[in-house]
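As a plain string of letters, each chain reads:
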Amino acid sequence: MMTVHEVSKLAGVSIRTLQYYDKIGLLHPTGYTDAGYRLYDDADLERLQHILLFRELEFPLKDIKAIINSPDFDRNKALEQQIELLRLKKEHIENLMNFALGIKMLGVKNMDFKAFDKSKLDEYSRKAKELYGDLPEYKEMQEKQNNRTEEDEKIMADRFMLLFKEAGEMKEMDPSSPEAQNLVKRIQEYITENFYTCTNKILRVLGKMYSGGGEFTDNIDECGGKGTAVFVDNAIQIYCNNAE
């Protein structure tokens, strides 16, 4: 048996929170000491683990209570569901991290070449300039854009997407093949020539963004077929590894 102080320290939950869980019927202690302190056994701790996992998944307390108090509550099934939900949350966070890394290093405008919603792109560009206007890559991109019309931008973007269409035609090949590696080299050169100096470090980030889900992945896969974005990312990582 553990006291409320011990459980609080073990689980990283405040005593006040444990008292509140008791008050609302979410987690009752098994017993009390002679001095009136709450005591928790192993079953209570297991229940607390489920509660904390559901809280990490942002379930409201009333929903957690309904789930755990249900006569049909299956602890093993709940763990399987929690693991899957946490996996999806991890995937979502990783996608956001990759996206944020791309913004930090490059700005956003013209990185998603298929989504030409001008209002959205203008807003992204404004925010990127406010946050990342001092980055040399961003300044270089802005300087090159100043001498181009919107039609020039669209033509350039369409030509860039042709490289992904070509990638789609070879996506069943080994990404380490000479053909795939040559394509990565051409992608890097195209970005450097038309947008900003694409170092291997930046290229790695772009690869992760391409395969990280969302509009980047959807647009590339729409152009080259499902799996193209992942193929390009794999080829990029191999290319950068070989360059080190």
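Here the structure is shown first, and the text comes after it.
Procedures and definitions
Residues numbered from 1 in each chain as written. Predicted model: local features only at pLDDT ≥ 70, side-chain atom pairs only at ≥ 80, totals over all residues. Heavy atoms only, no water. Salt bridge = Lys/Arg side-chain N within 4 Å of Asp/Glu carboxyl O. Buried < 20%, exposed > 50% of the residue type's maximum accessible area, 1.4 Å probe, protein only. Helix = DSSP H or I, 4+ residues; strand = E, 2+ residues; numbered from the N terminus. Core = buried A, V, L, I, M, F, W, Y, C linked by side-chain atoms within 4.5 Å. Contact = heavy atoms within 4.5 Å. Axes fitted to C-alpha atoms, helices over the stretch in contact; angles between N-to-C directions. Parallel < 35°, antiparallel > 145°, perpendicular 65-115°, else oblique. Phe/Tyr/Trp six-rings, centres within 6.5 Å; stacked < 30°, edge-to-face > 60°. Expected span 1.5 Å × (residues − 1).

Student: For this particular structure, what's the right way to read the pattern of salt bridges?
Tutor: Opposite charge on two side chains permits pairing when their charged atoms draw close. For the structure on display, the rule yields 5 salt bridges. Residue Lys62 pairs with Asp63 through a salt bridge whose shortest N-O separation is 3.4 Å. Overall, the relative accessible area of 31% leaves Asp63 in the partly exposed class. Residues Arg186 and Glu166 are paired through a salt bridge, measuring 2.8 Å at the closest nitrogen-oxygen approach. Separated by 20 residues along the polypeptide, Arg186 in helix 9 (residues 178-194) and Glu166 in helix 8 (residues 150-169) bring together distant segments of the chain. The exposure class of Glu166 is partly exposed, given its relative accessible area of 26%.

Student: Can you help me understand the nonpolar core in this one?
Tutor: Buried together is how nonpolar side chains tend to be arranged in soluble globular proteins. Counting 28 residues, the largest nonpolar core has Phe160, Phe164, Ile187, Ile191, Tyr210 and Val232 as its most contacted members. Here Ile191 is in contact with Phe160, Tyr196, Cys198, Leu206 and Tyr210, once residues within four sequence places are set aside. Listed in part, the 16 residues of the second largest apolar core include Val4, Val7, Leu27 and Ile64.

Student: It is not clear to me how the packing of helix 9 against helix 12 (residues 228-243) should be interpreted in this structure. Could you clarify?
Tutor: For any two helices packed against each other, the geometry comes down to the angle between their axes and how far apart the axes lie. In contact at an axis separation of 9 Å, helix 9 and helix 12 are set at 85° when each is read in the N-to-C sense. Relative to helix 12, the element helix 9 lies roughly perpendicular. Contacts between helix 9 and helix 12 pair Ala180, Gln181, Val184, Lys185, Ile187 and Gln188 from the former with Phe231, Val232, Ala235, Ile236, Ile238, Tyr239 and Asn242 from the latter.

Student: Honestly, the packing of aromatic side chains in this entry has me stumped. Any pointers?
Tutor: Centre distance and the angle of the planes are the two values used to describe a pair of aromatic rings. Taken as a whole and judged by the stated rule, the model has 3 aromatic pairs. A centroid spacing of 5.2 Å and a plane angle of 85° characterise the contact between Phe164 and Tyr210, whose relative ring orientation is edge-to-face. Within this pair, whereas Phe164 is found in helix 8, its partner Tyr210 is found in helix 10 (residues 200-211), the two being separated by 46 residues in sequence. For the pair Phe164 and Tyr210, one class covers both residues: buried. Counting every residue linked through ring pairs, the aromatic cluster contains Phe160, Phe164, Tyr190 and Tyr210.

Student: How do you make sense of helix 12 when you look at a structure like this?
Tutor: Every α-helical turn comprises 3.6 residues, leaving residues that sit three or four positions apart pointing alike. Between its terminal C-alpha atoms helix 12 stretches 22 Å, which fits the 22 Å expected from 16 residues at 1.5 Å a residue. For helix 12, the complete set of buried residues consists of Thr228, Ala229, Phe231, Val232, Asp233, Ala235, Ile236, Gln237, Tyr239 and Cys240. Structurally, helix 12 contributes buried residues whose contacts are with helix 8, helix 9, helix 10 and helix 11 (214-224).

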